Every structure is written in C-alpha cells, then in structure tokens.
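Listed below, chain by chain, are the residues.
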Amino acid sequence: FLRRVEHRIQYLDDQQTHLLPTVDADLGWIAASMGLACKADTCELIDRLCEVRELVAGEFDALLGEGQAPAARNGGPCKTCGGGPLPVDSEGLLEALPPELAERVRPWTTHPRVLALRDESRMRLGRLVLKTGQALREGDCSAQAATRFVDWMEPLLRRESYLALLVERPDVHKRLLRLLDLARWPMQYLMRHPGVIDELADARLLHGRFDSTALQSDLDERLAAWQRSGEDDEEKLLDTLRHAHHAEVFRILVRDVEKALTVEQVADDLSALADTLLDTTLRWAWARLKQRHRPDPGLAVIAYGKLGGKELGYGSDLDVVFLYDDDDERAPEVYGAFTRKLIGWLTLRTAAGELFDIDTALRPNGNSGMLVTSMASFEKYQSGRGSNTAWTWEHQAMTRARFVLGSDALRERFDAVRLAVIEAPRDVVGLREEIMAMRARVRGAHPVHPEQFDVKHSIGGMVDAEFAMQFLVLSQSAAHPELADNVGNIALMVRAE
C-alpha cells in the first residue's frame, strides 16, 4: 500500500519525492486512482494511510523491542514519573531522576544542542535518561555507570540514530550500562568511534574469539562489492579498513572487561588483528601501485616490540621493519614508493578515524636509514659483516622480532638471520654492561616519582623484566636453544626457570 501511494505521489509532478501533496485536488486524484473516496469532510486515503502506518510501526516495535508491547513504548505512562513521556529539557523529568543523575543531566535543559533537537528526539532522549535512572534505582547499574553514560551521550546529541537504537533496543542500553560500569576506557573508545555501539546489538558478542580468516574474507567481499559498483576509490578502502578495525577492537574490549578473555588472550587477539589488517592493507595497496612490476610484492614485514612478541595492547603502535628480495633493477625505487604508500594507508587519519601508529625506528641505521632494506643488506648488517653493523640494543630487539608477512623463502632467510644473531657467542660481562647502560638510558627518559610505583618503568617493573629476559636469551640461547623461540616473555621466563 505504501509503495503504491509513493508511486502516485511521484507520478503527479514527475519528481523523486515522498511527501504527500497538500492540494485537495491532488489528494483526490491519488485516492480515486486507488479506488478510495476523498471528499471535503472525509478522506479514505488518509484514514487508510494512518492505519497502515500504525501497523508498520507496531511490527517494528515488536521486532526491535524484542516482543514488548508497543503501547508501553509509544506514549504510555511512565512508571518512574507517573505521567506521559517527558522531553529531556523539562523540570518534570529532572524531578523523576535520582539526585546524582539529575544533577548531571540538569545542564542539558539549556544546552544549545539539546534545544536544537526535534521534539521527537528530545522525547527519545528523555525516555533514555529515565530508563537510565530506573536502572540506577533498581540496582542494575551504579551511579558511576549512569554518569558515564551521560558523558558519552553528550557529544552525540545530534546523532539521532544512536538515540533511536538505544530507545528501541533496551538490551543494547543494558549492555552499554554494564560495560560503562566495568571500566572507563570503553567510554573513551566509544566517544572516538561511536558507530561500534552497533556491536552491542549482537548477543553472540561474548561467545567467541577473533577470527582472522572470517575478517579477511569479509574485507575481500567488501572490496569486490566496491569494485562491482565502480566505487573502489582509496578513500572508501581506507574507511573500510578502519571501520573493521574499530569494530573488532571493540569486540575484544567487551570480552576483556567481561572477563571472557585472559590478559594473554587479549594480547593474542589484538596482535592477530593487526597481522590480518597488515596483510589486507599490503595486498590492497600493492594492487593500486602504479609502479608495480609483478603480481605479488617481494616484500617482507617484520614485527618488533609488542607486536613481535604478540603482546599488543589497545593503544600500542606497531614497530615494523620492511625487507625486500627482488632482482629487478627497479626494485629499490619500487619498494621505496610502495613502503611510503603502505605507511600512508596505515597511518592516515580519515573521516572514519585512524588505523595504526607505525614506528620504523628499528630498521637498519634507525631513522637515518632507508624505509625498506634489501634482505642481503639486512643479513650483513645483523651478522656484523662490513663496517656498518647492528648495535647490541638492536640485537635485544631481535629477541622479539617476528616474521609477519612475505614469501616462505623470505621467512626462511629471516628466521636464519634471527637465530644466528641470538645464538652468536658473546662476552657475557660486556653484554650485561651494555644492556644495563641501555636500561639506564630508558629509565632516564621515563622518570618516575620516588613515592610512586610505575608498573612499567619503575625498578622491578615490566621493562626490567623484559631487559633481564633479553639478557638471558642473548647470553644463554647457544647453550639452551629453547630460549631462542619468540614465544613471549611469560613463556620464556618459564623456560628460563
């Protein structure tokens, strides 16, 4: 019925519109064409249209409200305040809220963004605040969670789709309050990437782990869809990668704060997510490189630091080094251009936000070196052949280096270089002194107040544990080869013991 009315509206003036005409003659023509009467005092078209709209609205209320009766959600009495629904900027609503929440919401009564909302949106916002107040009264959330919810909503007051989602899906609102009750960091993440709230609508969120194969397949399907429609420009591809990353990080975050994952599992999943997005980005960027001279790049991506040890955190940057093995005379130029393009794809801030911060300072010769190095030059640099060789701190970094992307041949060559570096004979006393000197420089760059303990940088903290482990790996791997494996600090400590 609605589609038939729509077609007739558009036929009237041959315009792409969905608005009913206001001229009686036009309404009469539409009604007559549908076999309905439309006279001066009555119009069957309008009556029938109202009936159909109510029917459709009821179906959506039943679906999105998970079977709740529409009457309780559309203008029914408010259990908390005893009257009908109230706009968020009314004094009656503030009186119906718990005092701590009312005090936080009071500035909204004069907030320009609230006053600029449509009446319907201010009513929705009022219902949402009342529901939050009811959850606080009934002990379903703390005052901290309720005020965090208001803090989260404030920058999004004009994003009416989020208001609608939370009003129509009480289960999403409930999950959000619980999440905000558990930690403050989710609120900050949701402020930066509000679109991920859609993930809370999926009840399966807590049941499962990050699936690299599924994400890669989904991303490639999206790319194929963009290509079919001729809309596969770089901006859309960059946004696609960022939206996917934000959604997956949020899923891991929710499982984390709900205690569905251990600390090690969180780090494993975040590291696997980074690996997957590096792989996808490399493939997509190479396909769009004008200078490419072969179907697949002869490039390897080596991860160091937290990504190398599969110990990535939510805000960690990616320490990576790029190596290539290609006999083509244009290879240095091609891979130099490609590496710059790849880093741009990974770090550029778009409308969808950022993807990763990239740190390439661990490449041969540090920030003064080339962004991408040939595998042959890397082998010479790490093995100490020639005048330009790696420092001890670079060998420390190699204990956590991991081959992420590239051909099997490149993987074998890198793993051989890494093993040779780690198991090389060393002066243990000299090694200890150099590592302690480097530790002193790192501590000097991260001073800690004497009366405070920083779990990472204080004496006896995580950095000390990492440096001690690196010393053991470099000094003992020749006699104990099982220490050479890159299995993470915790597993290595167990083996060392």
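Nothing here was measured: the structure is a model prediction, and the numbers come from that model.

J.: Describe the overall build of the protein, with residues and values.
T.: In terms of regular secondary structure, the protein is built from 22 helices and five strands. Here the C-alpha coordinates of the protein stretch approximately 100 × 60 × 35 Å along the principal axes. Considering the protein as a whole, with its 497 residues, one finds that 44% of them fall into the buried category. Partitioning the contacts of the protein with sequence separation of at least 6, the portion at a separation of at least 24 is 68%. About 25,700 Å² of surface is accessible on the protein, with carbon and sulfur atoms providing 52% of the total. Looking at charge distribution, the protein has the averaged site of its 61 positive side-chain charges lying 1 Å from that of its 78 negative ones.

J.: Quick one: what's the story with the pattern of salt bridges, residue by residue and with numbers?
T.: Following the criterion strictly, the structure yields 31 salt bridges and no others. Put simply, Lys236 and Asp233 hold a salt bridge, and the shortest N to O gap is 3.6 Å. We classify Lys236 as partly exposed; its relative accessible area is 26%. A residue is classified by how much of its surface remains accessible, and Asp233, at 30% relative accessible area, is partly exposed. Here the residues in one salt-bridge network are Arg104, Asp151 and Glu154, joined through shared partners.

J.: Which residues make up the side chain of His395, and what values do they have?
T.: You can see His395 is positioned in helix H18 (residues 392-398). By relative accessible area, His395 is classed as buried at 15%. In terms of polar contacts, His395 uses its side chain to reach the side chain of Arg426, at 3.2 Å. Among residues more than four places away in sequence, those in contact with His395 are Gln382, Ala390, Val421, Arg426 and Leu474.

J.: Could you give an account of the pairing of strand S2 (residues 318-324), naming the residues involved and the relevant values?
T.: By the criterion of burial, S2 is predominantly enclosed, with seven of the seven residues buried. Along S2, one buried face is formed by Leu318, Val320, Phe322 and Tyr324 and the opposite face, lined by Asp319, Val321 and Leu323, is buried too. Alignment of strand S1 (residues 299-304) against S2, held across six bridges, turns out to be antiparallel. By the bridge assignment for S2, Ile302 is matched with Val321.

J.: Could you give an account of the environment of Leu492, with specific residues and numbers?
T.: Looking at where Leu492 falls in the secondary structure, it is placed in helix H22 (residues 489-496). The sequence separation of Leu492 and Pro155 amounts to 337 residues, and the corresponding C-alpha distance is 45 Å. Sequence-distant contacts of Leu492, that is, excluding residues within four places in its chain, are made with Met469, Val473, Glu482, Leu483, Asp485 and Val487.

J.: So what about the packing of helix H13 (residues 234-257) against helix H14 (residues 263-287)? Which residues, and what values?
T.: Where H13 contacts H14, the axes come no closer than 10 Å and their chain directions differ by 170°. When the axes of H13 and H14 are compared, the pair comes out roughly antiparallel. The residues of H14 that touch H13, namely those facing Leu237, Thr240, Leu241, His245, Glu248, Val249, Ile252 and Asp256, are Val266, Asp269, Leu270, Leu273, Leu277, Thr280, Thr281 and Trp284. Of the residues contributing to the contact of H13 with H14, the split by class is nine nonpolar, four polar and three charged.

J.: Explain a nonpolar patch on the surface to me, and be specific about the residues and the numbers.
T.: On the surface, Leu2, Val56 and Phe60 cluster together into a nonpolar patch covering about 250 Å² of accessible area. In this structure, Leu2 sits in helix H1 (residues 2-13).

J.: Residue-level account of the packing of aromatic side chains, with values.
T.: One pass over the structure, following the stated rule, counts 10 aromatic pairs. A centroid spacing of 5.5 Å and a plane angle of 25° characterise the contact between Trp185 and Tyr189, whose relative ring orientation is stacked. Note that Trp185 and Tyr189 are positioned in helix H11 (residues 185-192) at a spacing of four residues, about one turn of the helix. Residue classification places Tyr189 among the buried positions, given a relative accessible area of 5%. A ring pair is formed by Phe403 and Phe414, whose centres lie 6.3 Å apart and whose planes are at 40°; its orientation type is tilted. With Phe403 in strand S5 (residues 402-405) and Phe414 in helix H19 (residues 408-422), this pair connects stretches of sequence that are 11 residues apart. Each member of the pair Phe403 and Phe414 is classed as buried. Feature note: the residues Trp185, Tyr189, Phe250 and Tyr314 constitute an aromatic cluster, connected by ring pairs. Stacked on the ring of Phe1, the Lys or Arg Arg48 has its end atom at 5.4 Å from the ring centre. Above the ring of Phe467, the side-chain terminus of Arg439 is found at 5.8 Å from the ring centroid.

J.: Give me the lowdown on the confidence of the model for the protein, citing residues and values where you can.
T.: Averaged over all residues, the pLDDT of the protein equals 88, while 94% of them reach at least 70. This model gives residues 66-84 a pLDDT under 50, and the stretch forms 32 contacts once residues within four places in sequence are excluded.

Calculation notes
- Residues numbered from 1 in each chain as written.
- Predicted model: local features only at pLDDT ≥ 70, side-chain atom pairs only at ≥ 80, totals over all residues.
- Heavy atoms only, no water.
- Helix = DSSP H or I, 4+ residues; strand = E, 2+ residues; numbered from the N terminus.
- Buried < 20%, exposed > 50% of the residue type's maximum accessible area, 1.4 Å probe, protein only.
- Contact = heavy atoms within 4.5 Å.
- Areas by Shrake-Rupley, 256 points an atom, 1.4 Å probe, with all protein chains shown as cover.
- Lys, Arg positive; Asp, Glu negative; His and termini not counted.
- Charge placed at Lys NZ, Arg CZ, Asp CG, Glu CD.
- Salt bridge = Lys/Arg side-chain N within 4 Å of Asp/Glu carboxyl O.
- Polar contact = N/O pair within 3.5 Å; in protein donor to acceptor, adjacent residues only side chain to side chain.
- Pairing = 2+ DSSP bridges.
- Axes fitted to C-alpha atoms, helices over the stretch in contact; angles between N-to-C directions.
- Parallel < 35°, antiparallel > 145°, perpendicular 65-115°, else oblique.
- Nonpolar A, V, L, I, M, F, W, Y, C, P; charged D, E, K, R; others polar.
- Patch = residues over 30% accessible without salt bridge, like charges linked within 9 Å, V, L, I, M, F, W, Y side chains within 5 Å.
- Phe/Tyr/Trp six-rings, centres within 6.5 Å; stacked < 30°, edge-to-face > 60°.
- Lys NZ or Arg CZ within 6 Å of the ring centre and 35° of its normal.
- pLDDT = per-residue confidence, 0-100.

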